[in-house]
Amino acid sequence: MKKRYLIPFGIFMAIMAIFVLGLYRMGEDPNFTRNVPSVLIGKQAPKIDLPDLFDQSKTVSSSSLAGQVWVLNVWATWCPECWREHAFLVHLARNEGVKLFGIDWRDDAAAAKRLLVDKGNPFVAVGFDPESRAIMDWGVYGAPETFVIDKQGVVRWKKAGAMTRELWESELKPLLQKLEKG
Amino acid sequence: MIPEIGQLALILALCMALVQAVFPIAGAHKGVASWVALAKPAALGQLLFMTIGYACLTYGFLEHDFSIRYVATNSNTSLPILYLISGVWGAHEGSLLFWTLTLSLWTGVVTLFSRSVPEVMVARVVGVMGVVSVGFLLFMLLTSNPFVRLMNPPLEGRDLNPLLQDPGLAIHPPLLYMGYVGFSVAFAFAIAAMLGGRLDAAWARWSRPWTNIAWVFLTLGIVIGSWWAYYELGWGGWWFWDPVENASFMPWIIGTALVHSLAVTEKRGAFKAWTVLLAIFAFSLSLLGTFLVRSGVLTSVHAFATDPSRGVFILLFLSVIIGGSLLLYSWRASQIRSSVHFTLFSRETGLLLTNVILMVTACSILLGTLYPLVLDALGVGKISVGPPYFNSVFIPLTAPLAVLAGVGALARWKRDSGLSLARKLALPMLLSVGGGFALTLWALPHFSWGAALGLVLALWVLLTMLLWLKEQGGAAGLAGVFKNISRAGWGMFFGHLGIAVFVVGVALTSIYSTEKDLRIEKGQSYHLGGYDFLFKGAERSAGPNYLMDRGEVVVSREGEHVATLFPEKRDYRSGMPMTEAGIDAGLTRDLFVALGEPLGKDGAWSLRIYHKPFVRWVWLGGLFMAFGGLLAALDKRYFRLARKARLETEANTAGGKA
């Protein structure tokens, strides 16, 4: 048997191995993919100063939310996961009173504005970050990601991946209630 | 009662599939004629029970039987009948049922229309398809049963995802599945040929029409999916490089390579190992697409977490089917002795290059699609790679394909002289470069290198294809064209012409589209791309299961009425807002109006309008390709083969009686 004909089989088994690994870790902790701890948790949140998505001559700053509990959401129009969570973010902003600060990351400004006009804008303010300026400070490597920042400006919580009703009910809502009281 | 009958039917279908998977293959191996003869009845029996099972679930939808969990979660009483029927395949369990039904349908058709193929070969093919059926039926019965009952049935069901409530998307999955599953036939023929140890031109000839038909379905499915995304998502784009789209595009690319490779194997006996490998890949990618994306198993972390047994089963199943065939391949392919030679300038070289480029393209897309999933599996995070990656990979890879589409058809098999080929191609080359640049400079709004490249490539394909017609016609001219060219030849002609049409569409619409976001009040008008858009206000009304705002926009050109468009914004009961764009379609341009949000109390709205030149050509190109594939599948020689086989059987039986 010539060895080169085994190459496709070898590649396939490698791919399978990765899937098995993923599945195994998923079995240990159903939420493990989303629980990558951020080194930022418990630390002072990096300051955000970015051009306003809707008017790039202006600047939006996270200092406008100082003293409040707020949520940072990193998103982009090229990210299907972000489309999936969008309607729920709108619901959170309109009906649950969540203060969302958005960072539109590596994106086309026109497309981003269009999405917000079409599907509703859940954000208090949206910073436009085409060159990953602010993103680097936050250690974000994919979209969407969501952070919670408390009244003292400390990062308390982080999730990679789309926001869902389950996540809101089980983690985010209790946390926000606790932080609002404290 | 009815759901239990459906459940029983699925179990019986599984029994049939087991018989179909075991006996024909074993019989072919051991030479037991009675076992081989089981292939046909077992396959048809499985088809019968699958049809009953599917009908039972459809009945549950039509009768609003909310005691079935799947019906309760995917439909409600106010859904129009079309979406009750399409709701059957709208979610995970039902789409698996539909997939399996399609597989048994293909198997049934293969048993009925393969008279020209030796019985032992058909038995092996049916057996391999039976193995796949067994896997799917087990998966369904063990982990994703569509007939699970609810103890306390709700009075009203949940809504079907509003994105799926659209006629375009009602027919998109069936077409796609016909394509996906159709590749199982080519796969089964390849495996059967390897099992029999006869990897010659014969299996290629038998599986070619099936592969072509599967490819036609997949092409149509993708075209309709893209068209749906265009008008339903309301962003004016026609391709988003979403994992769901990629899952259908990868098997299509490999399928395209397979269609070409089969031609070489059949006609020249070359590329034998390649073709087998492509057949395995095409079906493997279809499986991967079905599981990883369609059923939402890997894209949604949640689905996996609720039921890890699904994931385990899928990995086992993929390992058996794909891993097993690749092992078989590594054993059999090393025994092939290829005695076919061809020189640098030959049609074989052109087709080989085409295949290599298509493979590389598919691999890059696979990488871009899986890489985020792999990161996710390793716990690094969930990311999207996005269009920037895919566009930068895809465009440089496809431009040479268009060039090859012209050269390949004109080159001779086995050996051609580089000089005579160059002489033949000089004129089309000059004309297409000159024509492409001239058109870009004078006929288009402003010069762009991208548009020039697109037009040059399109003209190149068109001119070389016309030259091919002339060559085929020979001395007889136009009469010769119609006399000498077979349906398969016309298939190639239209398929390649489709590339030209597609390239024109992509180049012109991505470069010359104009758009504008507006705040517009009742009675105001706006000028874009030579058209005037007059907004006549928006009104609130109700649809069957949604409320909507319906705008009215009158479009005119130099005072002459062109169209009245009604863009809608719908609020479905499930709480998802949906945009229905108002579109005036035309061969050279689309006018596209999407309604945004109300602004203030004085009747002002945000409105977005697009002028999209030549966007229809994108899909028109796809339809040309599908038409070409259909012609090739219906080539007369397949019918001749079938007739010959029938006559032989009749002669044999007659001889037996005498």
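Predicted model, so just to flag it, every value in this text is computed and none were measured.

Some details on the overall build of chain B
Helix and strand counts for chain B stand at 21 helices and 10 strands. Its C-alpha radius of gyration of 27 Å places chain B within 12% of the 26 Å reference for a compact globule of 658 residues. When the backbone C-alpha atoms are referred to their principal axes, chain B occupies close to 90 × 75 × 55 Å.

Considering the overall build of chain A
Helix and strand counts for chain A come out as five helices and seven strands. Put simply, of all contacts in chain A between residues at least 6 apart along the chain, 70% involve residues at least 24 apart. Carbon and sulfur atoms provide 56% of the accessible area of chain A, an area that totals close to 8,400 Å².

A few points about the packing of aromatic side chains
Evaluated as defined, the whole model comprises 34 aromatic pairs over all chains. Members of the aromatic cluster, each reached through a chain of ring pairs, are F482(B), W490(B), F493(B), F494(B), F624(B) and F627(B).

Some thoughts on the environment of I322(B)
Note on placement: I322(B) falls in helix α13 (residues 308-333). Relative accessible area serves as the criterion here: at 5%, I322(B) is assigned to the buried category. For the pair formed by I322(B) and M178(B), sequence separation is 144 residues and the distance between their alpha carbons is 20 Å. Excluding its chain neighbours within four sequence positions, the residues that come into contact with I322(B) are F12(A) and S284(B).

Structural notes on the nonpolar core
Judged by nonpolar contacts, the single largest core of 145 residues is most densely connected at L57(B), W99(B), F189(B), W203(B), F249(B) and Y329(B). If you tally residues by element for this core, the top one is helix α8 (residues 167-196) of chain B, at 17 residues. The residues touching L57(B), leaving out its near neighbours within four places in the chain, are I68(B), Y70(B), V71(B), V88(B), G94(B), L97(B), P146(B) and F147(B). Counting residues in each nonpolar core, the second largest holds 50 residues, with L72(A), W105(A), V148(A) and W168(A) among its members.

Here we look at the domain arrangement of chain B
Each assigned domain of chain B is listed here: domain 1 (1-162), domain 2 (417-513 + 626-658) and domain 3 (515-614). The straight-line distance from the C-alpha centre of domain 1 of chain B to that of domain 2 of chain B is 39 Å.

Describing the sheet that holds strand β5 (residues 123-129) of chain A
Residues and elements named next belong to chain A. Pairing is mixed across the open sheet formed by five strands, whose spatial order is β5-β4-β3-β6-β7. Either end of the sheet is taken by a strand with one partner, and the two such strands are β5 and β7 (155-160). Averaged over all adjacent pairs, the angle separating strand axes in this sheet is 15 degrees, with direction ignored. Where strand β6 (residues 145-149) meets β7, five bridges bridge the pair, whose relative direction is antiparallel. Paired with I149 across the two strands is V155, which belongs to β7. Each of β3 (70-75), β6 and β7 touches helix α5 (residues 165-181); the most contacted strand, β7, lies at about 165 degrees to it.

Description of the pairing of strand β5 (residues 560-565) of chain B
Regular strands have side chains that alternate between both faces of the sheet. Residue and element names in this part refer to chain B. Where strand β4 (residues 546-557) and β5 come together, five bridges link them in antiparallel fashion. Residue pairing for β5: V553 is matched across the bridge by L565. The turn linking β4 back onto β5 is made up of two residues, and E558 within it adopts a positive phi angle of 50 degrees.

The rules behind the values
- Residues numbered from 1 in each chain as written.
- Chains lettered and ligands numbered in written order.
- Predicted model: local features only at pLDDT ≥ 70, side-chain atom pairs only at ≥ 80, totals over all residues.
- Heavy atoms only, no water.
- Helix = DSSP H or I, 4+ residues; strand = E, 2+ residues; numbered from the N terminus.
- Rg over C-alpha atoms; globule rule 2.2 N^0.38 Å.
- Contact = heavy atoms within 4.5 Å.
- Areas by Shrake-Rupley, 256 points an atom, 1.4 Å probe, with all protein chains shown as cover.
- Phe/Tyr/Trp six-rings, centres within 6.5 Å; stacked < 30°, edge-to-face > 60°.
- Buried < 20%, exposed > 50% of the residue type's maximum accessible area, 1.4 Å probe, protein only.
- Core = buried A, V, L, I, M, F, W, Y, C linked by side-chain atoms within 4.5 Å.
- Domains from an automatic or database assignment.
- Pairing = 2+ DSSP bridges.
- Axes fitted to C-alpha atoms, helices over the stretch in contact; angles between N-to-C directions.

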